[in-house]
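One-letter residues, chain by chain:
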Amino acid sequence: MSDNRLEALAAFLAANPDLPGGTDTPDTTPAPRRPVLTISMERKGRGGKTATIIAGFTSPEEAAATASALKKRLATGGSARDTEVLIQGDRRTDVRTALIALGYPTPKGS
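Residues numbered from 1 in each chain as written. Predicted model: local features only at pLDDT ≥ 70, side-chain atom pairs only at ≥ 80, totals over all residues. Heavy atoms only, no water.

Draft legend 1. How the structure looks around the pairing of strand β4 (residues 84-88). Inspection of the sheet shows strand β2 (residues 51-55) paired to β4 by five bridges, in the antiparallel sense. Its bridge partner lying in β4, T52 is registered against I87. Pairing of strand β3 (residues 78-81) with β4, which is carried by four bridges, proceeds in the antiparallel orientation. Looking at the pairing, R81 lines up with E84 of β4. Taken together, β3 and the strand that follows it, β4, pair antiparallel across an intervening segment of two residues, in which D82 is found at a positive phi of about 50°. (Pairing = 2+ DSSP bridges. Helix = DSSP H or I, 4+ residues; strand = E, 2+ residues; numbered from the N terminus.)

Encoded structure:
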């Protein structure tokens, strides 16, 4: 019975020469690594108001996209400047949890 299936497969492949060829080896290129971000709290230059600063993004676009996601997830204000994200208030614990959920590695101490 298996011989019949092989013949049918060979006939199918011969009748369809435009099918793409399969690859025997899987794609082994590693996924791009996310940067390790640092999370800190800052009060200087903000009129006494507290802000959570996330630094270490590789591009301003990545920082802006992450700032938008964090602001929605945490229901708070914030902004992105260059490769840093500012979140209003002392939200270090919440930001760390949200960043881990978004797939960013963060150091334990920050």
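From this point, things continue past the structure.
Draft legend 2. Region of interest: helix α3 (residues 92-101). V95, A98 and L99 are the residues of α3 that are buried. Summarising the axial view, the buried residues of α3 lie within an arc of 100°, below the 170-degree limit, and thus occupy one face. Those residues of α3 that are exposed and angled more than 90 degrees off the buried face are T93, T97 and A101. Residues of α3 that are buried make contact with β1 (38-42), β2, α2 (60-74) and β4. (Buried < 20%, exposed > 50% of the residue type's maximum accessible area, 1.4 Å probe, protein only. Arc of directions from axis to C-beta. Contact = heavy atoms within 4.5 Å.)

Draft legend 3. How the structure looks around the nonpolar core. Core analysis: the largest hydrophobic core is formed by 14 residues, its most contacted members being I54, F57, L70, V85, I87, V95 and L99. No other element matches the four residues that α2 contributes to this core. Those residues in contact with I54, other than ones at most four positions away along the chain, are L37, T38, I39, L70, T83, E84, V85, I87, V95 and L99. (Core = buried A, V, L, I, M, F, W, Y, C linked by side-chain atoms within 4.5 Å.)

Draft legend 4. Broad picture of the side chain of T66. Residue position: T66 is located in helix α2. A polar side-chain atom of T66 sits 3.0 Å from a polar atom in the side chain of Y104. Non-local contacts of T66, meaning those with residues more than four positions away in its chain, are made with F57, L99, L102 and Y104. (Polar contact = N/O pair within 3.5 Å; in protein donor to acceptor, adjacent residues only side chain to side chain.)

Draft legend 5. Spotlight on the packing of aromatic side chains. Applying the stated rule across the entire model yields one aromatic pair. With 5.7 Å between their ring centres and 80° between their planes, F57 and Y104 make a pair best called edge-to-face. Here Y104 lies in the segment after α3 and F57 lies in the loop between β2 and α2, a separation of 47 residues in the sequence. (Phe/Tyr/Trp six-rings, centres within 6.5 Å; stacked < 30°, edge-to-face > 60°.)

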